[in-house]
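# Architecture at a glance
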Amino acid sequence: MKSLYYLFPAITLILLFQACTPQSCFEETDAYVKASFFKDDTGLLTPPDSLTLYGIGMQSSRLYNKGSKIQPALFPLNAANGISIFIININGISDTLTFTYSSYPHLISKECGYAFYHKIDTPVVTNNLIKSVTLMKSNITTINEENIRINY
């Protein structure tokens, strides 16, 4: 009878700890446009010396503030809008980069829930310093892959 006295609390503790194990999400849940920077004259993958990036009409409008050697740059898209506009300042010269896109929900996992993926059209850029923007992959997902190339 005395052994049952010790056995009951031990079983209760084991069941309690097993029931309280949280289901954790270890996967990426934000889909960003991933941009690589290339020097136009050399064609080499070269991050800018200084990168400042603002999102117009976004909650946290300043995404990078004079960041150096940023590669790749991550551009967040708003699933509710269908258009996102960014001011991108490379080495002191500003351009405007506009994305138009459609968004759709995608199930990441039971633990992580849903994320919004996007399908972008051809980006539009002013040509102050940026020479061209090349669309590499139009489907914006949580996978770490290059979506656009910015030649400056």
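This section reports on the structure supplied with the text. The structure presented is a predicted model; accordingly, all values stated were derived computationally and were not measured.

### Overview of the pattern of salt bridges
Counted according to the given criterion, the structure contains two salt bridges. Between Lys69 and Asp49 there is a salt bridge whose closest N-O contact spans 3.1 Å. Separated by 20 residues along the polypeptide, Lys69 in the loop between strand E3 (62–67) and strand E4 (73–76) and Asp49 in the loop between strand E1 (32–38) and strand E2 (51–55) bring together distant segments of the chain. In this structure, Lys69 and Asp49 share a single accessibility class: exposed. For Arg149, the salt bridge goes to Glu146, with nearest N and O atoms at 3.1 Å.

### Considering the sheet that holds E1
Within the open sheet, the four strands sit side by side as E4-E1-E11-E9. Their pairing is mixed. A single partner strand is all that each edge strand has here, and the edge strands are E4 and strand E9 (132–135). Neighbouring strand axes in the sheet, compared pairwise and without regard to direction, differ in orientation by 30° on average.

### Focus: the packing of aromatic side chains
Think of a pair of aromatic rings as described by two things: how far the centres are apart, and how the planes are tilted against each other in angle. A full pass over the atoms with the stated rule returns five aromatic pairs. With 6.3 Å between their ring centres and 75° between their planes, Phe37 and Tyr152 make a pair best called edge-to-face. Placement of the pair is Phe37 in strand E1 and Tyr152 in the segment after strand E11 (148–151), with a sequence separation of 115 residues. Neither residue differs from the other here; Phe37 and Tyr152 are each classed as buried. Arranged with centres 6.2 Å apart and planes meeting at 80°, the rings of Tyr104 and Tyr117 form a pair that is edge-to-face. A residue pair is termed long-range when its members are at least 10 positions apart, and Tyr104 in strand E6 (residues 93–109) and Tyr117 in strand E7 (residues 113–120) qualify at 13 residues. Within the aromatic cluster, the residues linked to one another by ring pairs are Phe75, Phe86 and Phe99.

The rules behind these values
- Residues numbered from 1 in each chain as written.
- Predicted model: local features only at pLDDT ≥ 70, side-chain atom pairs only at ≥ 80, totals over all residues.
- Heavy atoms only, no water.
- Salt bridge = Lys/Arg side-chain N within 4 Å of Asp/Glu carboxyl O.
- Helix = DSSP H or I, 4+ residues; strand = E, 2+ residues; numbered from the N terminus.
- Buried < 20%, exposed > 50% of the residue type's maximum accessible area, 1.4 Å probe, protein only.
- Pairing = 2+ DSSP bridges.
- Axes fitted to C-alpha atoms, helices over the stretch in contact; angles between N-to-C directions.
- Phe/Tyr/Trp six-rings, centres within 6.5 Å; stacked < 30°, edge-to-face > 60°.

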